[in-house]
Amino acid sequence: MSAAPASARARTRVATDIHARLTEDVADAAVRCAVDWSGPVRATLPDEAAVQAACGIMHVHGRSAGRPLALGVDYASVVAGVLAAQGTLAAEIARVRGARYGEVRTSVAQAALLSVQQYLAVAATDPADEAAPRSEVDGGRRPPFTTADGVRCELETLDAQPWLRFWQALGAEKSAIARGWFPFQQRFGTATCALPIALHDVIGRTAFAQVRTAAAESGVAVLPIRDDPASPWEVPACTGTALPAAAPRTWSVPAAAPLEGIVVVESTRRVQGPVAGHVLRMLGAEVIRVEPPGGDPMRGLPPMAGDCSVRYRSLNDGKRTVEVDIKSAAGRRELHDLVAGAEAFVHNWAPGKAAQLGLDAADLVRSSPGLVYAWASGWGDAAGPNPPLGTDFLVQAGSGLAAALTPRGTPAAPSLMTLTDVLGGLVCANGVLAGLLRRVRTGEGTRVDTSLLSGASLIPRDQLHRPTATDGPLRTADGFLVLPRDIDPAAARAVFGCAPDDIAFRCRDQATRTWVQRGAEVGVELTPVCTNLRDIAADARFNSALGRAEHLFPLPPWEFS
């Protein structure tokens, strides 16, 4: 990283630590990297809490509770550290190819905007989304569930039939089963999940062993929530295995973006895999997206931007799409042909599917020596040969991340914001970049293995910032605000005129703007909390960080020079 004053290094310690961890084995000191808080966002954001407040993370994380909530971990700073590593690796790749990059910059605010990009795109497209009822209304309650013997657990299935079989086995009413499927299925996109209370009551009358048996017989995954925030696994962020090298090659010099001229083939779905391809495309790669015949079903998920789902577009715009039936021999040959003209291949298929189809690394490298072959899984090999379904909320539950997010004295619950999906996709992209750097330097290919679990394991658990009475968000007369994390008690008293323990009550007496002005008068930066993502779209301070077409989207979060 570039030199910086001690105070600045302390303020971005998490990001710089992640950057160092992800680049220590593959990058030299030729490219300097700098991470700050605000970047192109024209707002003073002094710390992680301010970034979470201003850039929508508190709002999205708190949707299911009906009020903004702080994440108990430095999530945006961790994402910024991964972005810093990605920018450094991409610049190194470009330098080997003859470009003259010397520095890359990113910020925690840009990392936060990237983390909420699908929610931001929907909010800016569909005004009704931000006005929609949240979980604790209309007779609904979000997961997790608590069994008769006190086990808090998460459920997961991606298909309606297992959902139906599971609840029928437990004796739930058909009407409650039917009403629950849509909010359960959509929670990855809405960050809410208002399930009928009747479903919670059914599990509340059932012992966990019986719930687990019904789940196994129905094809539903069920996992107890760890109440220990410590990570139970020592999981590397990325593992790489050498593959056969390509013939010597003269690489073109990238003119506009570091990965210009590099082709990536992607066969992914949902969030994690598409995020990886999205990042590589933003860095200049040509990304060819392989979808099943008829296209990805996510394309038709409302709300729409033009003729396509805005959720889908937020992660897949700019990719070239081809439809291939990889289950057929002809389709597999077509995939081989696509990979033959590419430098990297990314998938997030279920465990064992690649080998079953004959499309594992050893198979595709025959068509493309020097290939970077990346698999983005849920659990990697950490959960054994028969892992639970590898999705965001189960990984949060089983990794200890859910417990780390939750305030002290509150039962652990995963965030309904797709934290590990986004971070897991970013870690996969980072692994691909490390593999590409090896390829342009030596010609060698690499098999890259990452997972949602490895992304979750990047988040430090040694100094958790679980919200206290003054950490906020603090309710004001017309909204919410947050105080600087390291605010001096004397400074707090100067702003609010009361003891720290009384600030939460005093804060309700005045409007947010009034408190922000009082803070400015005594040199204390108070940050209003975003409570509607459409406000970000309308806020001129974010103009340099966001792009606008048929939907709103974060611009590439790196500046190369």
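Our structure is the block above this text.
Since the model is a prediction, treat every value here as computed from it, not as a measurement. (Residues numbered from 1 in each chain as written. Predicted model: local features only at pLDDT ≥ 70, side-chain atom pairs only at ≥ 80, totals over all residues. Heavy atoms only, no water.)

Q: Please provide a residue-by-residue account of the overall build of the protein chain, values included.
A: When you go through the protein chain residue by residue, the secondary structure sums to 25 helices and 22 strands. In terms of overall dimensions, the protein chain is globule-like: its C-alpha atoms have a radius of gyration of 23 Å, near the 24 Å expected for 561 residues. In terms of overall dimensions, the protein chain has a C-alpha envelope of 70 × 60 × 45 Å along the principal axes. Classification of the 561 residues of the protein chain by burial places 57% in the buried group. Put simply, 78% of the contacts in the protein chain that link residues at least 6 apart link residues at least 24 apart. A total of about 21,700 Å² of accessible surface is found on the protein chain, and carbon and sulfur atoms cover 50% of it. Distance between charge centroids for the protein chain: 1 Å, based on 55 positive and 58 negative side chains. (Helix = DSSP H or I, 4+ residues; strand = E, 2+ residues; numbered from the N terminus. Rg over C-alpha atoms; globule rule 2.2 N^0.38 Å. Buried < 20%, exposed > 50% of the residue type's maximum accessible area, 1.4 Å probe, protein only. Contact = heavy atoms within 4.5 Å. Areas by Shrake-Rupley, 256 points an atom, 1.4 Å probe, with all protein chains shown as cover. Lys, Arg positive; Asp, Glu negative; His and termini not counted. Charge placed at Lys NZ, Arg CZ, Asp CG, Glu CD.)

Q: Describe the sheet that holds strand E22 (residues 559-560), and please don't skip the residues or the numbers.
A: Ordered by their spatial adjacency, three strands build an open sheet running E1-E2-E22, and the pairing between neighbours is mixed. Single-partner strands in this sheet number two, and they are strand E1 (32-36) and E22. Pairing analysis gives five bridges linking E1 to strand E2 (residues 103-107), with the strands arranged parallel. Paired with valine 35 across the bridge in E2 is threonine 106. Across the face of the sheet, helix H5 (residues 75-96) comes into contact with E1, E2 and E22 while running at roughly 160° to E2. (Pairing = 2+ DSSP bridges. Axes fitted to C-alpha atoms, helices over the stretch in contact; angles between N-to-C directions.)

Q: Please provide a residue-by-residue account of the packing of helix H13 (residues 272-282) against helix H20 (residues 419-442), values included.
A: Contact pair H13 / H20: the axes reach a minimum separation of 7 Å and the direction vectors enclose 50°. Taken together, the axes of H13 and H20 lie oblique to each other. Crossing geometry of H13 relative to H20 is assigned as right-handed. Where H13 abuts H20, its residues Gln272, Val275, Ala276, Val279 and Leu280 lie against Asp421, Val422, Gly424, Gly425, Leu426, Cys428, Ala429, Val432 and Leu433. Of the residues in the contact of H13 with H20, the class split is ten nonpolar, three polar and one charged. (Parallel < 35°, antiparallel > 145°, perpendicular 65-115°, else oblique. Left-handed = near helix turned anticlockwise from the far one by under 90°. Nonpolar A, V, L, I, M, F, W, Y, C, P; charged D, E, K, R; others polar.)

Q: Which residues make up the packing of helix H9 (residues 160-169) against helix H11 (residues 197-204), and what values go with them?
A: Their axes nearest at 10 Å, the elements H9 and H11 cross at an angle of 55°. In terms of orientation, H9 lies oblique with respect to H11. Facing Trp163, Phe166 and Trp167 of H9, the residues of H11 in contact are Leu199, Val202 and Ile203. In terms of residue class, the contact of H9 with H11 is made up of six nonpolar, no polar and no charged.

Q: Before we move on, could you go through H13 and cite the residues and values that matter?
A: Counted residue by residue, H13 has ten buried out of eleven residues, so it is predominantly covered. Among the residues of H13, Gln272, Gly273, Pro274, Val275, Ala276, Gly277, His278, Val279, Leu280 and Met282 are the ones counted as buried. Where H13 ends, the next residue or the one after it, glycine 284, has phi of about 110°, a positive value.

Q: Can you lay out the nonpolar core for me, pointing to particular residues and giving the numbers?
A: Grouped burial of nonpolar side chains is what soluble globular proteins tend to show. Counting 130 residues, the largest nonpolar core has Cys55, Tyr75, Phe166, Trp167 and Leu426 as its most contacted members. If one sorts the elements of this core by residue count, H5 sits on top with 14 residues. Filtering out sequence-adjacent residues up to four positions away, cysteine 55 remains in contact with Leu45, Ala109, Ala112, Leu113, Val116, Ile536 and Phe542. Leu243, Ala342, Ala354 and Leu364 belong to the second-largest nonpolar core, a separate cluster that totals 22 residues. (Core = buried A, V, L, I, M, F, W, Y, C linked by side-chain atoms within 4.5 Å.)

Q: Can you break down the pattern of salt bridges residue by residue, with the values?
A: A full pass over the atoms with the stated rule returns 22 salt bridges. Where arginine 105 meets glutamate 103, a salt bridge forms, and the shortest distance between an N and an O atom there is 3.9 Å. Residue glutamate 103 is classed as buried on the basis of its relative accessible area, which comes to 17%. A salt bridge links lysine 319 to glutamate 266; the nearest nitrogen and oxygen atoms lie 2.9 Å apart. Of this pair, lysine 319 sits in the loop between helix H14 (310-316) and strand E13 (320-323) while glutamate 266 is found in strand E9 (residues 263-267), placing the two residues 53 residues apart along the sequence. For lysine 319, a relative accessible area of 10% puts it in the buried group. Note on glutamate 266: relative accessible area 0%, which makes it buried. (Salt bridge = Lys/Arg side-chain N within 4 Å of Asp/Glu carboxyl O.)

Q: Got a sec to walk through the packing of aromatic side chains? Specific residues and values, please.
A: Within this structure, the stated rule accounts for twelve aromatic pairs. Measuring from centroid to centroid gives 5.5 Å for phenylalanine 345 and tyrosine 373, while their planes differ by 45°, and the two rings are tilted. Note that phenylalanine 345 is positioned in strand E14 (residues 344-347) and tyrosine 373 in strand E15 (residues 372-377), a separation of 28 residues in sequence. What makes phenylalanine 345 buried here is its relative accessible area of 0%. Feature note: the residues Phe145, Trp163, Phe166, Trp167, Trp181 and Phe184 constitute an aromatic cluster, connected by ring pairs. One cation-aromatic arrangement involves arginine 249 over tryptophan 251; the distance from NZ or CZ to the ring centre is 3.7 Å. (Phe/Tyr/Trp six-rings, centres within 6.5 Å; stacked < 30°, edge-to-face > 60°. Lys NZ or Arg CZ within 6 Å of the ring centre and 35° of its normal.)

As far as function goes, none of this settles anything; it's purely spatial.
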